[in-house]
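Given next are the chains, with one letter for each unit.
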Amino acid sequence: MYTCGPTVYDFAHIGNFRAFVFEDLLKRWLLHRGFKVKHVMNLTDIDDKTIMGSQKQGIPLKQFTDFYVKAFFEDIKALNIENADVYPKATDHISEMVTLIKTLMAKGFAYKGEDNSIYFSVCKFPDYGKLSHIKVDELKVGSRVSQDEYAKEEAQDFALWKAWTPDDGDVFWETELGKGRPGWHIECSAMSMKYLSQTFDIHCGGVDNMFPHHENEIAQSENATGKRFVNYWMHNEHLQVEGKKMAKRFGNFYTLRDLLTKGYDPISIRYLLMSTHYRQQFNFTFEGLESAKSAIERLRNFVRRLYEAEGKESEGKVTTLIEKLEACFEGSMDDDLNIGVALSSLFDFVREINSLLDVNDVSKEESAKIIKVIMEIDDVLGVIGKVEVEEALPKEIDLLVQKREGARKTKNWKEADSIRAQLKTMGIVLEDTAQGVRWHKEKT
Ligand SMILES: [Zn+2]
């Protein structure tokens, strides 16, 4: 699978990460289902935006993009996104792009404009528009666009190779195509076909990349090879923030770093980004982020509880519940990654097993089985992680817990509550269960 990676001219924002988290979930699901996955994600380190950014800062392009590449890898690690097998950089693949463009020229699908740039001739690809359903008869025949990004209404011949202009400064390559640099779209065609093959299975990206980027990738690649380029396109929908389009001018624009600086937990952000079906518009809210945090806590507490379970056998109830969970979780994920239904089947399971735990109806062997299933599911979700089982309480805290137990026994709820609050300020969370009080350290 090929997933369009970041353009490394700025820190990635949560809309970008919606795509990357969705792609991670897809990949993890395919692996869970036993598929072999080779995942390629490119790094766009040369395009209009990176050149402009480096010039603004007055530093060389490479120094500028290296900084954001490093930041990108830190961000995906924080979000527990698994690494791709290859992260090709565009600047390392100029010769592959030149070869591809030469092929297109030799076949008569590309031509040199009077500005010395090389353009793809859209009218030479009869299927142009099949992905984004753009109306091809509205194309302006013979007119050209040299920018990397443009709207459907502006569809026309697009630049494969951009001849050097003074605006590019010291960013250029001397090639058989002349002095210049590649257009953005040819980068992904060249790198995906190099590391996968001329035809590959899955290509993902945000829906905003469908036109012109992916439409152009198809046209270039299929005209060059004469083969189908991609078997399945998967696009995630837009993200909104608090019900509005995310934009700096609305004051609701967030990079991952903005949220981490505000103290939000990256795994809660991961959970939230993944919990809406990828083909649905997603509304990111801070309330949603809080619920994501409690959902993860619920799962972690569940696992902690299971580690302690030593009750009697449930007489097959646990096995039945596990089978039900597996069937429902797998069935819904197989249904175009229906994560909403998959997650609710997981929380139904947690609730039902918790009821059995309440009456001491889960044996040690059964709980081990449950933990195994939960951890397999977490290989896909990537939100529970390693759950620490509590170590011995520090003495001072232990005394407070005992004191509170005493207060509870004498029904002195006021004091019990005040001790609970005191423990909370020390980062200790209490939970009253049928087996007595349990505690864990609060995740920050
Ligand atoms: Zn791309």
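In the block above lies the structure referred to throughout.
Residues numbered from 1 in each chain as written. Predicted model: local features only at pLDDT ≥ 70, side-chain atom pairs only at ≥ 80, totals over all residues. Heavy atoms only, no water.

1. Description of the environment of histidine 93
- Mapped onto the elements, histidine 93 comes out in the loop between α3 (61-78) and α4 (94-106).
- Note: C-alpha distance between histidine 93 and lysine 194 (101 residues apart in sequence) is 9.4 Å.
- Not counting chain neighbours up to four residues away, the residues in contact with histidine 93 comprise Pro88, Met191, Lys194 and Tyr195. (Helix = DSSP H or I, 4+ residues; strand = E, 2+ residues; numbered from the N terminus. Contact = heavy atoms within 4.5 Å.)

2. Overview of the coordination of the zinc ion
- Here the zinc ion is held by Cys4 (SG), Cys188 (SG) and His213 (NE2), and the distances to it run 2.0 to 2.2 Å.
- Positions of the donor residues of the zinc ion, expressed as sequence spacing, correspond to C-x183-C-x24-H. Pair noted here: cysteine 188 is in helix α5 (residues 184-195) and histidine 213 is in helix α6 (residues 210-225), with a separation of 25 residues, a long-range link. (Donors = N, O, S within 2.8 Å, 3.2 Å for Na, K, Ca; no water.)

3. Considerations on the sheet that holds strand β12 (residues 244-245)
- Strand order in this open sheet of three strands is β12-β11-β13, and the pairing throughout is mixed. The open sheet terminates on both sides in strands that have one partner only, identified here as β12 and β13 (282-284).
- Where strand β11 (residues 239-241) meets β12, two bridges bridge the pair, whose relative direction is antiparallel. Bridge assignment links glutamine 240 to a residue of β12, and that residue is lysine 245.
- Packing of helix α1 (residues 14-32) onto the sheet brings it into contact with β11 and β13, and relative to β11 it is tilted by some 140 degrees. (Pairing = 2+ DSSP bridges. Axes fitted to C-alpha atoms, helices over the stretch in contact; angles between N-to-C directions.)

4. What to know about the pattern of salt bridges
- If you walk through the whole model with that rule in mind, you get 30 salt bridges.
- Between lysine 312 and aspartate 361 there is a salt bridge, with the nearest N and O atoms lying 3.2 Å from each other. Residue lysine 312 is located in the loop between α9 (286-308) and α10 (317-334), and its partner aspartate 361 is located in the loop between α11 (339-358) and α12 (364-381); the two are separated by 49 residues in the primary sequence.
- Close ionic contact of aspartate 348 with arginine 351 constitutes a salt bridge, the shortest N to O distance being 3.3 Å. A residue pair is termed a helical-turn pair when its members lie 3 or 4 positions apart in one helix, as aspartate 348 and arginine 351 do in helix α11 at three residues.
- For arginine 351, a relative accessible area of 52% gives the class exposed. (Salt bridge = Lys/Arg side-chain N within 4 Å of Asp/Glu carboxyl O. Buried < 20%, exposed > 50% of the residue type's maximum accessible area, 1.4 Å probe, protein only.)

5. Digging into the environment of isoleucine 76
- Relative to the helices and strands, isoleucine 76 is located in helix α3.
- Isoleucine 76 sits in the buried class, given a relative accessible area of 2%.
- Sequence separation between isoleucine 76 and arginine 270 is 194 residues, and the spatial gap between their C-alpha atoms is 9.9 Å.
- What isoleucine 76 contacts, discounting residues up to four positions off in sequence, is Phe17, Ile81, Asn83 and Tyr87.

6. A few points about the sheet that holds strand β2 (residues 40-41)
- Here four strands make up an open sheet; going across it, the order is β2-β1-β9-β10 and the pairing parallel. This sheet does not close on itself; its edge strands, each paired only once, are β2 and β10 (230-236).
- With six bridges connecting them, strand β9 (residues 200-206) and β10 associate as parallel partners. Note on β10: the bridge partner recorded for isoleucine 202 is tyrosine 232.
- Contacts from α6 reach β9 and β10 within the one sheet, and its direction differs from that of β10 by about 170 degrees.

7. As for the packing of aromatic side chains
- All chains considered together, the criterion is met by 22 aromatic pairs.
- With 5.2 Å between their ring centres and 20 degrees between their planes, phenylalanine 120 and phenylalanine 158 make a pair best called stacked. Here phenylalanine 158 lies in strand β6 (residues 157-163) and phenylalanine 120 lies in strand β4 (residues 118-120), a separation of 38 residues in the sequence.
- Since its relative accessible area comes to 0%, phenylalanine 120 is described here as buried.
- Under the relative-accessibility criterion, phenylalanine 158 is labelled buried at 0%.
- Relative to phenylalanine 286, the ring of tyrosine 264 lies with its centre 5.3 Å away and its plane at 40 degrees, an arrangement referred to as tilted. With tyrosine 264 in the loop between α7 (256-261) and α8 (266-274) and phenylalanine 286 in helix α9, the pair connects residues that are 22 residues apart, well separated along the chain.
- Connected via pairs of aromatic rings, a cluster forms that spans Phe17, Phe20, Phe72, Phe73 and Tyr87. (Phe/Tyr/Trp six-rings, centres within 6.5 Å; stacked < 30°, edge-to-face > 60°.)

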